[in-house]
Amino acid sequence: MIAEIGHFSLVIACAFSLLLTVVPLLGVARRHGGQMAMARPLTYGMFFFTLISFIALCWGFLVSDFSILNVAQNSNTQLPAIYKLTAVWGSHEGSFLLWMLIQAGWAAALALFSKRLPLVFAARVLAVMGMIGVGFYFFMLLTSNPFDRTIPLIPVDGHDLNPLLQDPGMIIHPPLLYMGYVGFSVAFAFAIAALLGGRLDASWARWSRPWTIAAWIFLTVGIALGSWWAYYELGWGGWWFWDPVENASFMPWLAGTALMHSLAVSEKRGSFKSWTVLLAIAAFSLSLLGTFLVRSGVLVSVHAFATDPARGTFLLGFLGVVIGGSLLLYALRASKVVSYSRYELFSREVMLLGNNVLLVVATMVVLLGTLLPLVHQELGLGSISIGEPFFDQVFLWLTIPFALMVGLGPLVRWRRQKWADIQKSVLLAFALAVLLGWALPAIFAERVSGLAVLGLLLALWIVFASVAEIKMRLAQRDNILSSLVKLGPSHWGMVLGHLGFAVTLIGITMVQNYEVERDVRLSPGQSYSEHGYTFHFEELRAIEGPNYHSDKAVIHITRNERDVETLFTEKRFYNVRRQVMTQTGLQVGFFRDLYIALGDELGDGSYAFRIHYKPFVRWIWAGALIMALGGALSISDKRYRLKRQSARVMGQTSKGTSV
Amino acid sequence: MNQKLKTLIFLLPLLAFIGLAGFLYSGLFSDPSKLESVLVGREVPPFELPDLYNPDQTHDQSILGGEPMLLNVWATWCPTCYAEHTFLNTLREEGVYIIGLNYKDDSRAAAVNWLQELDDPYQINLFDQTGMLALDLGVYGAPETYVIDADGIILHRHVGDMNQRVWQQTVAPIFYRARLQAGLSVPDAYRHLARDSEQGGGDE
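All figures in this text were calculated on a predicted structure; none of them were measured in a lab.

For chain B, the helix and strand inventory stands at six helices and seven strands. Walking chain B from its N terminus toward its C terminus, one meets helices and strands in the order α-β-β-β-α-β-α-β-α-β-β-α-α. Of all 204 residues assigned to chain B, the portion counted as buried reaches 48%. The contacts in chain B between residues at least 6 apart in sequence include a share of 69% that link residues at least 24 apart. Taken as a whole, chain B presents about 9900 Å² of accessible surface, with 52% of it coming from carbon and sulfur.

Bringing the overall build of chain A into the picture now. For chain A, the helix and strand inventory stands at 20 helices and nine strands. Within the span of chain A, comprising 659 residues, buried residues form 60% of the whole. Partitioning the intrachain contacts of chain A with sequence separation of at least 6 by distance along the chain shows that 74% fall at a separation of at least 24. Accessible surface computed for chain A: about 26600 Å², of which carbon and sulfur atoms make up 66%.

All right, on to the sheet that holds strand β6 (residues 144-148) of chain B then. Residues and elements named next belong to chain B. Reading across the sheet, the five strands line up as β5-β4-β3-β6-β7 and stay open at both edges, with mixed pairing between neighbours. Looking at the sheet topology across the chains shown, the edges are occupied by β5 (124-128) and β7 (154-159). The sheet shows a mean angle of 20° between the axes of neighbouring strands, taken without regard to direction. Bridge count between strand β3 (residues 69-74) and strand β4 (residues 98-103): five bridges; the pairing is parallel. Bridged to N72 within β4 is G100.

Attention now goes to the nonpolar core. By size, the foremost hydrophobic cluster in this structure holds 171 residues, and its most contacted members are Y137, F190 and W204 of chain A. Element by element, the count of residues in this core is highest for helix α8 (residues 168-197) of chain A, at 15 residues. Among all residues touching W204 of chain A, those that are not within four sequence positions of it are F121, F190, A191, A194, L263, K273, T276 and V277 of chain A. Counting 28 residues, the second largest nonpolar core, distinct from the first, contains F127, V147, V186 and L193 of chain B.

On to helix α7 (residues 119-143) of chain A. The terminal C-alpha atoms of α7 of chain A, which comprises 25 residues, lie 36 Å apart, in line with the 36 Å expected from a rise of 1.5 Å per residue. Here α7 of chain A lies mainly inside the structure; 18 of its 25 residues are buried.

This brings us to a nonpolar patch on the surface. Residue and element names in this part refer to chain A. Taken together, M1, I2, I5, W59, L62 and V63 make up a surface patch of nonpolar side chains, about 580 Å² in accessible area. Listed by contribution, the elements that provide at least two residues to the nonpolar patch are α1 (2-30) and α3 (39-62). A relative accessible area of 45% means that W59 is categorised as partly exposed.

So, about unusual backbone geometry. Residue and element names in this part refer to chain A. Of note, H531 is a non-glycine position whose phi angle comes to about 50°, a positive value. Counting through the fold element by element, H531 comes out in the loop between β2 (527-530) and β3 (533-544). Positive phi, close to 60°, is recorded for F616, a residue that is not glycine. Looking at the element boundaries, F616 is found in the loop between β9 (607-615) and α19 (617-635).

All names here are of chain A. Overall, the coordinates contain 42 aromatic pairs over all chains when judged by the stated rule. Consider the rings of F54 and W89, whose centres lie 6.5 Å apart with planes at 10°: the pair is stacked. Of this pair, F54 sits in helix α3 while W89 is found in the loop between α5 (81-88) and α6 (92-113), placing the two residues 35 residues apart along the sequence. A single burial state applies to F54 and to W89, both of which are buried. Plain terms: the ring middles of F430 and W461 are 5.6 Å apart, the flat faces sit at 75° to each other, and that makes the pair edge-to-face.

Residue and element names in this part refer to chain A. At a closest axis distance of 9 Å, the pairing of α3 and α6 adopts a crossing angle of 150°. Classified by the interaxial angle, the pair formed by α3 and α6 is roughly antiparallel. The way α3 lies across α6 gives a crossing that is left-handed. On α6, the residues that touch R40, T43, Y44, M46, F47, T50, L51, S53, F54 and L57 of α3 are G94, L97, L98, M100, L101, A104, G105, A107, A108, A111 and L112.

All names here are of chain A. Chain-level statistics for chain A give a pLDDT mean of 84 and a share of 88% at 70 or above. Averaged pLDDT values for the elements of chain A fall to 38 in helix α20 (residues 647-654) and rise to 95 in α3. Low pLDDT, under 50, characterises residues 300-307; the predicted model gives this stretch 16 contacts beyond four residues in sequence or across chains.

Another aspect to go through is the confidence of the model for chain B. All names here are of chain B. For chain B, the mean per-residue pLDDT works out to 79, and 85% of the residues sit at or above 70. Confidence over residues 199-204 falls short of pLDDT 50; this stretch has eight contacts with residues more than four positions distant or in other chains. If you check the scores for this complex, the pTM reads 0.78 and the ipTM reads 0.72.

A word on the domain arrangement of chain A. Residue and element names in this part refer to chain A. What the domain assignment lists for chain A is domain 1 (1-161), domain 2 (396-514) and domain 3 (516-618). One C-alpha centre belongs to domain 2, the other to domain 3; they are set 38 Å apart. Taken together, the contacts link six residues of domain 2 with six residues of domain 3. Taken together, the two surfaces of domain 2 and domain 3 that pack against each other cover about 480 Å², and 69% of this comes from carbon and sulfur. Looking only at domain 2, the three residues that lose the most surface to domain 3 are M510, V511 and Y514, adding up to 73% of its buried area. Remark: the boundary between domain 2 and domain 3 carries zero residue pairs in polar contact (both at pLDDT 80 or more). Its residues placed into classes, the side of domain 2 that touches domain 3 shows four nonpolar, one polar and one charged.

This next bit is on the packing of helix α16 (residues 450-475) of chain A against helix α18 (residues 489-514) of chain A. All names here are of chain A. For the pair α16 and α18, the least separation of the axes is 8 Å and the interaxial angle reads 165°. Taken together, the axis directions place α16 and α18 in an arrangement best described as roughly antiparallel. Handedness of the α16/α18 crossing: left-handed. Within the contact of α16 with α18, the residues separate by chemical class into 18 nonpolar, six polar and two charged.

With that settled, consider the pairing of β9 of chain A. Residue and element names in this part refer to chain A. Of all nine residues making up β9, eight are buried, and the element is well covered by its neighbours. The pairing of strand β1 (residues 516-522) with β9 spans seven bridges and is antiparallel. Within β9, the position partnered with R518 by the bridge is I611. In terms of strand pairing, strand β8 (residues 592-601) meets β9 through eight bridges, oriented antiparallel. Looking at β9, one finds that Y595 is bridged to H612. Linkage of β8 to β9, two consecutive antiparallel strands, is achieved through a turn of five residues, within which G603 is found at a positive phi near 80°.

The next thing to look at is the sheet that holds β8 of chain A. All names here are of chain A. Taken in spatial order, the four strands make up an open sheet running β1-β9-β8-β7, and their pairing is antiparallel. The outermost strands of the open sheet, each flanked by one partner alone, are β1 and β7 (585-587). Between one strand axis and the next, the sheet turns through 20° on average, direction left out of account.

Residues and elements named next belong to chain A. Tallied over the entire structure, the rule returns 14 salt bridges over all chains. Linking R518 and E530 is a salt bridge whose minimum nitrogen-to-oxygen distance equals 3.1 Å. With R518 in strand β1 and E530 in strand β2, this pair connects stretches of sequence that are 12 residues apart. On the accessibility criterion, R518 (36% relative accessible area) is partly exposed. Accessibility expressed as a relative area gives 11% for E530, which makes it buried. Among the ionic pairs, D519 bridges to R610, the shortest N-O distance being 3.0 Å. You can see D519 sitting in strand β1 and its partner R610 sitting in strand β9, a full 91 residues away along the chain. On the basis of relative accessible area, D519 is assigned to the exposed category, the value being 58%. Linked through salt bridges whose partners overlap, the residues forming this network are E4, D65 and R149.

About the cut-offs
Residues numbered from 1 in each chain as written. Chains lettered and ligands numbered in written order. Predicted model: local features only at pLDDT ≥ 70, side-chain atom pairs only at ≥ 80, totals over all residues. Heavy atoms only, no water. Helix = DSSP H or I, 4+ residues; strand = E, 2+ residues; numbered from the N terminus. Buried < 20%, exposed > 50% of the residue type's maximum accessible area, 1.4 Å probe, protein only. Contact = heavy atoms within 4.5 Å. Areas by Shrake-Rupley, 256 points an atom, 1.4 Å probe, with all protein chains shown as cover. Pairing = 2+ DSSP bridges. Axes fitted to C-alpha atoms, helices over the stretch in contact; angles between N-to-C directions. Core = buried A, V, L, I, M, F, W, Y, C linked by side-chain atoms within 4.5 Å. Expected span 1.5 Å × (residues − 1). Patch = residues over 30% accessible without salt bridge, like charges linked within 9 Å, V, L, I, M, F, W, Y side chains within 5 Å. Salt bridge = Lys/Arg side-chain N within 4 Å of Asp/Glu carboxyl O. Phe/Tyr/Trp six-rings, centres within 6.5 Å; stacked < 30°, edge-to-face > 60°. Parallel < 35°, antiparallel > 145°, perpendicular 65-115°, else oblique. Left-handed = near helix turned anticlockwise from the far one by under 90°. pLDDT = per-residue confidence, 0-100. Domains from an automatic or database assignment. Buried area = accessible area lost by both parts, 1.4 Å probe. Polar contact = N/O pair within 3.5 Å; in protein donor to acceptor, adjacent residues only side chain to side chain. Nonpolar A, V, L, I, M, F, W, Y, C, P; charged D, E, K, R; others polar.

This is how it looks when you write it as structure tokens:
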């Protein structure tokens, strides 16, 4: 019964999305205010019924209603309640329902906060959100209905949720990623609405900026969380694998980052307008493409879910309509846009253009690297695989100019900058970065590696250049404290975002160049030393968990005779799925992680252990969080909240604040 | 700039997308199990790998051949391998000779544990921790299954799980024809393969 309510609500939500697509646009065509105003209530209706449907599915999982196929396949009675909820989006069908809930949620938020937008524009934006909804609702109802029944053969108990997914990190990882993916649909809807209206002006860019940044924040945190999860759950000690699924989330992030910066130019200077629109289309298209790649089984990946050509065909058709349609509209409308602003070669505009070009190249590299095996095979050239070495190499070369520009860009003025004016600060910051970049490894590390110096130098350059930039902004003012505040949250957001990138860069550099990985053989009572830490294997315990049993090794770590911590590492055997999982022991630190994973028994009572020493690994994720924080600060800027003020006044308030 | 030329430039993203969509579409229908292997028609590259159960014992390419057999690439980290395992057990009961290639597994103990829990369909199990043999074979992912004839020549490669449908439609005819050619017995259902090949026609 509950399942039928869920199913039926989904159908009603689909009907709402159809109406939302048609009615407001009819209203726009006929200049009928009432029909345009229908956009908001229709959006709320779509969200409400999707929510009911989602709750119904959650209920099915919570009470273990195995008459629902989806529940029977992904949950069982032994599963702890919290993972029953996670299982809702652990499956293909459920994850699409979550996707739609979030999509409808963004649309509802948009309806709620767009009261100050011109009615015609709001109607168009919401109608585009409705169009995207139509595709997904039909996809679910026709090819992957989460409420399919197992009647009459109801199983007594279900399968288990994949143990990999039974982890606190997995509870929020997919929702965050989806918030990001789907969030770009808002920027996309703004872009399409602007194209439909034929007006690409600064106000369009200003309206869509906070939404774009919000989506980007979610995506940033989501990706960082996924990386962190892979690090401690998969038991391989890596933090990024260039797996197609990871690439699928990385591509929209790169395009979204480019979009954020390009929107700044469009808002402030009125340039790059058609380019910005293209990026908005690209960011969402890449989100859709990522979903397609993951869900259609075109690429085989460690994460891949069950695959089905019918689903793939539908998704591809949908992709064709959304991406193809919007690119066609783009070709027809954006080509008519005339850019009139002028800028010289050494200007903020050119810096941001450079940043955009590099980000787009990076996106293309990831896209090609992910798709090349497929294209290669379709051209009959045989199967190949492209992996870490390729991506690592290319990204190394892309990072160098990118990081240099991240540091330099904010120091440069809009339109025109005289080199002589910033020469001193730039050279000082760079000299400091070179000096420290070389000195730090020389003092603290046992060997100086060229790549480590390069990475540190770039990261420190960003830090010092940011400091120089703030100093320069303060130079004209008297009261330092009040002018620090006067710089505005948007400016501080930018600074934090860039510093976050530097922190991540430091983390990556240190881990790539200085991590130590050892496979050792220990019997209870034996010890092993690495980097001054002594790992003492005390004992092995047998443990019975709720849905698994495990061997648990107790490792006591000391340094210079002082206790550091006692770590536990387990090999868990999950009863229902008959899957073995490693639980790693982690000693987390600001400057380094100690990571230990239990391996197999080697006979004679000894066991294999994998011991890692990971310097600065936390910084990778900390940097991402700082970037996200910067984004949040940026959204909080008052100028996005100024209501019903003319563009003229807006122009004045934003003068002086930066990107 | 000339307006026509400008429109043309703005059409480029669309054209690029159409090209991409074409590849994605054909990719959707190209069966990954048809991944060509450069090795079909050739011998398995030479190798020397330890036994899964007994680290001190090693095997080399001489274990392949003598009679037609399957070489199955598997690992405990691979959920699909779990799915196909029951079917491999069935095949073993039917008398199919299967060699296992344990591919980059988490640990020897995990693999042995898995076989003890799920039953062992393999006559010999190779432990390829570094994935060296798998690399030589061009393994795309686990599971994969190779059909090898009595002379040690690779006849066929199947990517993805082995199940009733794949076995009956594709792999079994190849496997049993190889058995017939080696003068070995086959189940009654596959006797017709001998007649078919005499008539010069195959059923592939």
